[in-house]
Amino acid sequence: MTPSNVIAKFEGSNDTFSSYTHCGANDCPNIPVSNGNETSITPPTKSLIYTLLGIYTCSGVLAVILISAFLDNIDLKSQQNQPGTKEESFCEKVLATLQHLKDKRQCLLIPLTMYSGFEQGFLAGDFTKSYVTCSLGIHFVGYVMICFAATNAICSLLFGKLSHKASLSNAASIIALLLWKPHPNELVMFFIFPAIWGMADAIWQTQTNALYGTLFDKHKEAAFANYRLWESLGFVIAYGYSTFLCVSLKLYILLAVLLIAIFLYGCVEYGEFKGPTSIFSQTEERDLGYKQTPM
């Protein structure tokens, strides 16, 4: 059975290529669609919503139980009661996170960290809507995201030493998405892109965490607080402009952020290669010597 025959079984399919000219990079929120293949969807039934909420709630409760039962207990109180240490308040932790921005390395890594949120937000919000739902239908979104998640999980284990491939994979995918005109007859392409994206995202997630742990070994709490802060800000921005900009412009923004992030990351690598006194002075290290809870 050919891909076109498979798609024809689903409601809303159309074999004429002109019906899909508004999909992909050409999808814009201000372009009216009159060919019957809109990207808008029918809201799910209440029973489906309650079922999903029940599954998410049970998963969250199970996660808390497993952590409580099997995670090794870290006795922070005994560490904090050691001579010269005290427990930090919430305000002190927030202040430590902001003070960590005095480190030039942290500032240079902000675009790279935000890109992690940008690229995940694009795949989950824009690729699924403007490419998958627009061309195949909403019933294919789950399969596409399964492909992304499975590739992401596998590559997280295998591709730890191929971090330089992530930027090339993402850049090539972005350019290809700008040029590709999605059509249901090209069914395999709708899974190739999330697979490549999942491979790159696996490298971003594992290697960025490792990078923060290596660069900021003495201030891990503040460093990883910044990591989550800027990654979440990338998510917020990506979802924030999702309903206002054309997909082509979003891809250009994504590519620009990626190029800036790689350039600034290269500056960090160069500074570490030349030694801490070349770019990042010892004065900054003394400024960052605030009290921090032992890890």
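Residues numbered from 1 in each chain as written. Predicted model: local features only at pLDDT ≥ 70, side-chain atom pairs only at ≥ 80, totals over all residues. Heavy atoms only, no water.

(A) How the structure looks around the overall build of the protein. When its secondary structure is counted, the protein shows twelve helices and zero strands. Traced from its N-terminal end to its C-terminal end, the protein shows the element sequence α-α-α-α-α-α-α-α-α-α-α-α. Out of the 295 residues belonging to the protein, those deemed buried represent 39%. For the protein, the computed accessible surface area is about 16700 Å², with 67% contributed by carbon and sulfur atoms. (Helix = DSSP H or I, 4+ residues; strand = E, 2+ residues; numbered from the N terminus. Buried < 20%, exposed > 50% of the residue type's maximum accessible area, 1.4 Å probe, protein only. Areas by Shrake-Rupley, 256 points an atom, 1.4 Å probe, with all protein chains shown as cover.)

(B) Region of interest: the packing of helix α6 (residues 110-135) against helix α10 (residues 220-240). At a closest axis distance of 7 Å, the pairing of α6 and α10 adopts a crossing angle of 40°. Classified by the angle between their axes, α6 and α10 sit oblique to one another. For the pair α6 and α10, the crossing hand works out as right-handed. Contacts from Ile 110, Thr 113, Met 114, Ser 116, Gly 117, Phe 118, Gln 120, Gly 121, Ala 124 and Gly 125 in α6 reach Tyr 227, Trp 230, Glu 231, Leu 233, Gly 234, Phe 235, Ile 237, Ala 238 and Tyr 239 in α10. (Axes fitted to C-alpha atoms, helices over the stretch in contact; angles between N-to-C directions. Parallel < 35°, antiparallel > 145°, perpendicular 65-115°, else oblique. Left-handed = near helix turned anticlockwise from the far one by under 90°. Contact = heavy atoms within 4.5 Å.)

(C) Looking closely at the state of the cysteines. With the rule as written, the count across this model stands at two disulfides. A disulfide bridge connects Cys 23 with Cys 134, and the sulfur atoms are separated by 1.8 Å. Its S-S torsion of approximately -75° makes the covalent link between Cys 23 and Cys 134 left-handed. Taken as a pair, Cys 23 in the loop between α1 (3-8) and α2 (46-70) and Cys 134 in helix α6 lie far apart in primary sequence, 111 residues in all. Both residues of the pair, Cys 23 and Cys 134, count as buried. (Disulfide = S-S within 2.5 Å.)

(D) Broad picture of the packing of α6 against helix α11 (residues 247-274). For the pair α6 and α11, interaxial distance at closest approach is 10 Å and the crossing angle is 160°. Taken as axis vectors, α6 and α11 run roughly antiparallel relative to one another. Note on packing geometry: the crossing formed by α6 with α11 is left-handed. Of the residues in α11, those in contact with Pro 111, Leu 112, Tyr 115, Phe 118, Glu 119, Phe 122, Asp 126, Ser 130 and Tyr 131 of α6 are Val 247, Lys 250, Leu 251, Leu 254, Val 257, Leu 258, Ile 260, Ala 261, Leu 264 and Tyr 265. Partitioned by chemical class, the residues of the contact of α6 with α11 number 15 nonpolar, one polar and three charged. (Nonpolar A, V, L, I, M, F, W, Y, C, P; charged D, E, K, R; others polar.)

(E) Seen up close, a nonpolar patch on the surface. A grouping of Leu 48, Ile 49, Tyr 50, Leu 52, Leu 53, Ile 55 and Tyr 56 is seen on the molecular surface, where their side chains present a nonpolar patch of about 710 Å² in accessible area. Among the residues examined, Leu 52 registers a relative accessible area of 35% and is labelled partly exposed. (Patch = residues over 30% accessible without salt bridge, like charges linked within 9 Å, V, L, I, M, F, W, Y side chains within 5 Å. Salt bridge = Lys/Arg side-chain N within 4 Å of Asp/Glu carboxyl O.)

(F) Highlighting the packing of aromatic side chains. Scanning the entire structure with this criterion turns up 14 aromatic pairs. Measuring from ring centre to ring centre gives 6.4 Å for Phe 224 and Tyr 227, while their planes differ by 70°; the resulting arrangement is edge-to-face. Linking Phe 224 with Tyr 227, this pair stays in helix α10, spanning three residues, or about one helical turn. Its relative accessible area of 27% is what places Phe 224 among the partly exposed residues. (Phe/Tyr/Trp six-rings, centres within 6.5 Å; stacked < 30°, edge-to-face > 60°.)

(G) How the structure looks around the pattern of salt bridges. Scanning all chains against the criterion turns up six salt bridges. Note that Asp 27 is salt-bridged to Lys 129, the shortest N-O span being 3.1 Å. Highlighted residues: Asp 27 in the loop between α1 and α2 and Lys 129 in helix α6, separated in sequence by 102 residues. The exposure class of Asp 27 is buried, given its relative accessible area of 9%. The salt bridge involving Glu 272 is made with Arg 105; its shortest N-O contact spans 3.4 Å. One end of the pair, Glu 272, is in helix α11; the other, Arg 105, is in helix α5 (residues 104-108), and 167 residues separate them in sequence. Judged by relative accessible area, Glu 272 falls into the partly exposed class, the value being 34%. The buried category is assigned to Arg 105, whose relative accessible area is 12%. Linked through salt bridges whose partners overlap, the residues forming this network are Asp 103, Arg 105 and Glu 272.

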